[in-house]
Amino acid sequence: MAAALRAAGLGLLGRRASALRPPGAAPPCLAVPVRTKRRLFVPDWARELSPAEREGRLRAAARALPEDRLERAFFLACTADIIDPYVPPEGDARMSSLSKDGLRQRVEKLKQTAASQLALRKVKDHVPDFSTKTFPEKAQEIFIEAHNCLANFNKQKLHSLVTERCYPDMVRGNRYKTIRWSFVESLEPPRVVHIRCNSIVNPSNLYGQVTVRMHTRQTLAVYDRFGRLMYGGEQVPKDVLEYVVFERYLVNPYGTWRMHGKIVPEWAPPKDPIIKTVMIPGPALDSSQEVKEHKEETSEQVQRQQ
Amino acid sequence: MAAGRALGAGGSWLRGLLGWARPERWLASSSVFPLSCIHTSACLQKVGKWEKKNRIVYPPQLPGEPRRPAEIYHCRRDIKYSKDKMWYLAKLIKGMSIDQALAQLEFNDKKGAKVIKEVLLEAQEMAVKNHNVEFKSNLHIAESLTGRGQYTKRIRYHGKGMFGIMKLVRCHYFVKLVEGPPPPPEPRKTGFDQAKEYVQQLRNRTLVHTL
């Protein structure tokens, strides 16, 4: 009986035309595929591969379609920092040049550092008329011109004299202030103390950095928005020993030497304090706690960090 | 050939997959990258006249001149409060020193008092940080004004299907802090002073076109 039923069932589902069903009708239990939302789609060729192989295929495909090239390419005209900064010898410009140590310092020339010599050779390859004898004067001129532009807020010219890394350091906080700076005289002739060459992104993308030691006398007066003196004094010349780094994009034939930064040694004397008093807030206390030592809101003379 | 076809198909799949994920669209519009060089930064918002008053720079003072007191202008725009109600608070603190004003506002029950207190604290901090004011308590309020902000209209539903149009009222608050102790209040004009003035006016009369 089961076999008969099965046969009957099969007969019902069979393709043979019968009186109950016309010949062209669809079979009664046909699975109609329903189109659902297209979810995770893995193509045939990727189904059997392991994740590592899949990644490899993707990488190959990505290489085959390069992304659109940048329509507005940006141009790196300076490095981000001073490479291998010069460590000034302690007591520089303090000792008299007649003592033995002082004499040694004066005699300590560029030739002693091999790296600087190598860099000098590389710089001379790209800039044939570079010389350690003539460069310091030009560097000092650039230095003076840059500070004059800063005092006059001549931003266009300042950009051509100072690299993009140095510009914000010079200009920050000065928008609503008046700066009066003047160069009185140079106490010692400036000289080159350190040269380095480095490249970023490609090994052929060369930037040269030259450190020049300058011992000069300058006056600086900074006035705030209301014309009140904030720092320094116009009639007070100060002796300043500085190690200024100049940089140039060597590969660019139209590159120029521009000020890149200054090196401040650790043994440098502290700067003068600013004229006003500044409050340094103490630790935030609850109303139940008390101030341990008696320092409620004492004003201290704070040295302005630039 | 099969591999090439697969790669081609895979490439189109990849392009489709990555087509939506272009890095330019991830970055903010005011960046260096191409295809979205729309410059949408603060310059499109109009800077008000009161804010611009903080940008004037005076020439350096000569050594003999008296020290110019610092002036700090600050404002807050579009406060959800009525300008007439805010006026009472502005009039209250006009002429006070900043500490006294802060104390009065802290214990005032109006909604605008909290807002004005925030504005004064912001202005005080700005003064010390940006405008070279030495002592934060050495400030007094020289001017304190309110102005009308932008009003929006909304429907106020009444009974029986009636409606009214209500205005959502906003105001601006402006304050000018000046360095130094507050100026002494003007003495009130007494009756005797008024009488003296009247008599003086009578005495100033002259006769014209007569002998």
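Just so you know, these numbers come straight off a predicted model, no measurement behind them. (Residues numbered from 1 in each chain as written. Chains lettered and ligands numbered in written order. Predicted model: local features only at pLDDT ≥ 70, side-chain atom pairs only at ≥ 80, totals over all residues. Heavy atoms only, no water.)

*Asks:* For this particular structure, what's the right way to read the overall build of chain B?
*Replies:* Counting its regular elements, chain B contains seven helices and five strands. The buried share among the 211 residues of chain B stands at 29%. Entry remark: accessible area of chain B is about 15200 Å², with carbon and sulfur atoms responsible for 58%. (Helix = DSSP H or I, 4+ residues; strand = E, 2+ residues; numbered from the N terminus. Buried < 20%, exposed > 50% of the residue type's maximum accessible area, 1.4 Å probe, protein only. Areas by Shrake-Rupley, 256 points an atom, 1.4 Å probe, with all protein chains shown as cover.)

*Asks:* Explain the overall build of chain A here, please?
*Replies:* The helix and strand inventory of chain A stands at eight helices and six strands. Starting at the N terminus, the α and β elements of chain A follow one another as α-α-α-α-α-α-α-α-β-β-β-β-β-β. Of all 306 residues assigned to chain A, the portion counted as buried reaches 33%. By sequence separation, contacts in chain A at least 24 residues apart represent 65% of the contacts at least 6 residues apart. Of the roughly 21200 Å² of accessible surface on chain A, 55% is carried by carbon and sulfur atoms. (Contact = heavy atoms within 4.5 Å.)

*Asks:* Would you mind showing me how to read helix H6 (residues 135-152) of chain A here?
*Replies:* Three or four residues apart is the spacing at which side chains of an α-helix point the same way, because the helix has 3.6 residues per turn. All names here are of chain A. Counted at 1.5 Å a residue, the expected span for H6 with its 18 residues is 26 Å, and the 26 Å between its end C-alpha atoms agrees. Check the buried side of H6 and you find it contacts helix H7 (155-161), helix H8 (166-171), strand S1 (178-199), strand S2 (206-223), strand S3 (229-249) and strand S4 (258-263). Following H6 by one or two positions, phenylalanine 153 adopts a phi angle in the positive range, close to 55°. (Expected span 1.5 Å × (residues − 1).)

*Asks:* Even after reading the chapter, I still don't get the pattern of salt bridges, so can you show me in this structure?
*Replies:* Should the charged atoms of two oppositely charged side chains come close, the side chains can pair. This model, assessed by the stated rule, comprises 23 salt bridges over all chains. The partner of aspartate 84 of chain B in a salt bridge is lysine 83 of chain B, with the nearest N and O atoms 3.6 Å apart. Measuring nitrogen to oxygen at the nearest pair gives 4.0 Å for the salt bridge that ties lysine 129 of chain B to glutamate 125 of chain B. Of the two residues, lysine 129 of chain B and glutamate 125 of chain B are both situated in helix H6 (residues 111-130); the distance of four residues between them amounts to about one turn of the helix. What makes lysine 129 of chain B exposed here is its relative accessible area of 62%. Each of Glu185, Arg217 and Asp239 of chain A takes part in salt bridges that share partners, so that together they form one network. (Salt bridge = Lys/Arg side-chain N within 4 Å of Asp/Glu carboxyl O.)

*Asks:* It is not clear to me how the packing of aromatic side chains should be interpreted in this structure. Could you clarify?
*Replies:* Aromatic ring pairs: the centre-centre distance and the angle between the two ring planes describe each pair. What the rule picks out here adds up to 12 aromatic pairs over all chains. Where phenylalanine 143 of chain A meets tryptophan 181 of chain A, the ring centres are 6.3 Å apart and the plane angle is 75°; that geometry is what we call edge-to-face. Of the two residues, phenylalanine 143 of chain A is situated in helix H6 and tryptophan 181 of chain A in strand S1; the sequence distance between them amounts to 38 residues. Clustering of aromatic rings is evident, with ring pairs tying together Phe130, Phe135, Phe246 and Trp257 of chain A. Over the aromatic face of tyrosine 151 of chain B sits the side chain of arginine 148 of chain B, whose NZ or CZ is 4.0 Å from the ring centroid. (Phe/Tyr/Trp six-rings, centres within 6.5 Å; stacked < 30°, edge-to-face > 60°. Lys NZ or Arg CZ within 6 Å of the ring centre and 35° of its normal.)

*Asks:* Please explain the packing of helix H4 (residues 83-93) of chain B against H6 of chain B as it appears in this structure.
*Replies:* A pair of packed helices can be characterised by two numbers: the angle between their axes and the separation between those axes. Residues and elements named next belong to chain B. Running from N to C, H4 and H6 cross one another at 45°; their axes reach a closest spacing of 10 Å. With respect to H6, the element H4 is oriented oblique. With respect to the hand of their crossing, H4 and H6 are arranged in right-handed fashion. Across from Met86, Leu89, Ala90 and Ile93 in H4, the residues of H6 making contact are Gly112, Ala113, Ile116 and Leu120. A per-class count over the contact of H4 with H6 returns seven nonpolar, one polar and no charged. (Axes fitted to C-alpha atoms, helices over the stretch in contact; angles between N-to-C directions. Parallel < 35°, antiparallel > 145°, perpendicular 65-115°, else oblique. Left-handed = near helix turned anticlockwise from the far one by under 90°. Nonpolar A, V, L, I, M, F, W, Y, C, P; charged D, E, K, R; others polar.)

*Asks:* Teacher, can you tell me more about unusual backbone geometry here?
*Replies:* Most peptide bonds are trans, and most residues other than glycine sit at a negative phi. The backbone of phenylalanine 153 of chain A sits at a positive phi, close to 55°, despite the residue not being glycine. Within the element layout of this structure, phenylalanine 153 of chain A appears in the loop between H6 and H7. Even without being a glycine, lysine 160 of chain B presents a positive backbone phi close to 55°. Mapped onto the secondary structure, lysine 160 of chain B falls in the loop between strand S3 (152-157) and strand S4 (163-168).

*Asks:* Which parts of the structure should I look at to understand the sheet that holds S1 of chain A?
*Replies:* Sheet strands associate in pairs through backbone hydrogen bonding, adopting either a parallel or an antiparallel arrangement. Residue and element names in this part refer to chain A. In space, the four strands of this open sheet follow the order S1-S2-S3-S4, with antiparallel pairing throughout. Each edge of the sheet is formed by a strand with only one pairing partner; in this case those strands are S1 and S4. Between one strand axis and the next, the sheet turns by 30° as a mean value, whatever way the strands run. Pairing of S1 with S2 involves 17 bridges; the strand directions are antiparallel. Looking at S2, one finds that threonine 178 is bridged to tyrosine 223. Contacts from H6 reach S1, S2, S3 and S4, with the element oriented near 130° to S1. (Pairing = 2+ DSSP bridges.)

*Asks:* What is the right way to read H6 of chain B from this model?
*Replies:* Residue and element names in this part refer to chain B. Between its terminal C-alpha atoms H6 stretches 29 Å, which fits the 28 Å expected from 20 residues at 1.5 Å a residue. Considered for burial, the residues of H6 that qualify are Gly112, Ala113, Val115, Ile116, Val119, Leu120, Ala123, Gln124 and Ala127. With its phi angle positive at about 60°, asparagine 132 sits one or two positions after the end of H6.

*Asks:* Even after reading the chapter, I still don't get the confidence of the model for chain B, so can you show me in this structure?
*Replies:* When pLDDT drops low, the exact placement of atoms in the prediction is not to be read closely. Residue and element names in this part refer to chain B. Confidence along chain B averages 85 in pLDDT terms, with 80% of residues attaining 70 or more. Low confidence marks residues 1-12, where pLDDT is under 50. Its contacts with residues over four positions away, or in another chain, come to two contacts. Scored as a whole, the predicted complex attains pTM 0.70, and scored at its interfaces, ipTM 0.72. (pLDDT = per-residue confidence, 0-100.)

*Asks:* Help me understand the side chain of asparagine 198 of chain A in this model?
*Replies:* Mapped onto the secondary structure, asparagine 198 of chain A falls in strand S1. Not counting chain neighbours up to four residues away, the residues in contact with asparagine 198 of chain A comprise Thr79, Ile83, Asn205, Leu206 and Tyr207 of chain A.

*Asks:* Got a minute to help me understand a nonpolar patch on the surface in this structure?
*Replies:* Residues and elements named next belong to chain B. Together, Ile155, Tyr157, Phe163 and Ile165 line one region of the surface with nonpolar side chains, adding up to about 520 Å² of accessible area. Of all the secondary-structure elements, those providing two or more residues to the nonpolar patch are S3 and S4. Looking at where isoleucine 165 falls in the secondary structure, it is placed in strand S4. (Patch = residues over 30% accessible without salt bridge, like charges linked within 9 Å, V, L, I, M, F, W, Y side chains within 5 Å.)

*Asks:* In this structure, what is going on with the UniProt feature "domain: Tim44-like" (unreviewed entry) in chain A? I would like to understand it.
*Replies:* As annotated by UniProt and renumbered to match this structure, "domain: Tim44-like" (unreviewed entry) occupies residues 116-264 of chain A. A distance of 20 Å separates the end C-alpha atoms of residues 116-264 of chain A, which is 28% helix and 45% strand. (UniProt positions renumbered as here; feature names shortened; annotations may be inferred.)

*Asks:* Explanation requested: the state of the cysteines in the structure shown.
*Replies:* Put plainly, two cysteines are in a disulfide when a covalent bond ties their sulfur atoms together. Applying the stated rule across the entire model yields zero disulfides over all chains. The closest cysteine sulfur to the non-disulfide-bonded cysteine 197 of chain A is located on cysteine 78 of chain A, 15 Å from its own sulfur. (Disulfide = S-S within 2.5 Å.)

*Asks:* I would appreciate a short explanation of the packing of helix H5 (residues 98-106) of chain B against H6 of chain B in the present structure.
*Replies:* Residue and element names in this part refer to chain B. Where H5 contacts H6, the axes come no closer than 9 Å and their chain directions differ by 155°. Considering the angle they form, H5 stands roughly antiparallel to H6. The two elements H5 and H6 cross, and the hand of that crossing is left-handed. Residue-level contacts link Ile98, Asp99, Ala101, Leu102, Leu105 and Glu106 of H5 to Ala113, Ile116, Lys117, Leu120, Leu121 and Gln124 of H6. The class makeup of the residues in the contact of H5 with H6 is eight nonpolar, one polar and three charged.

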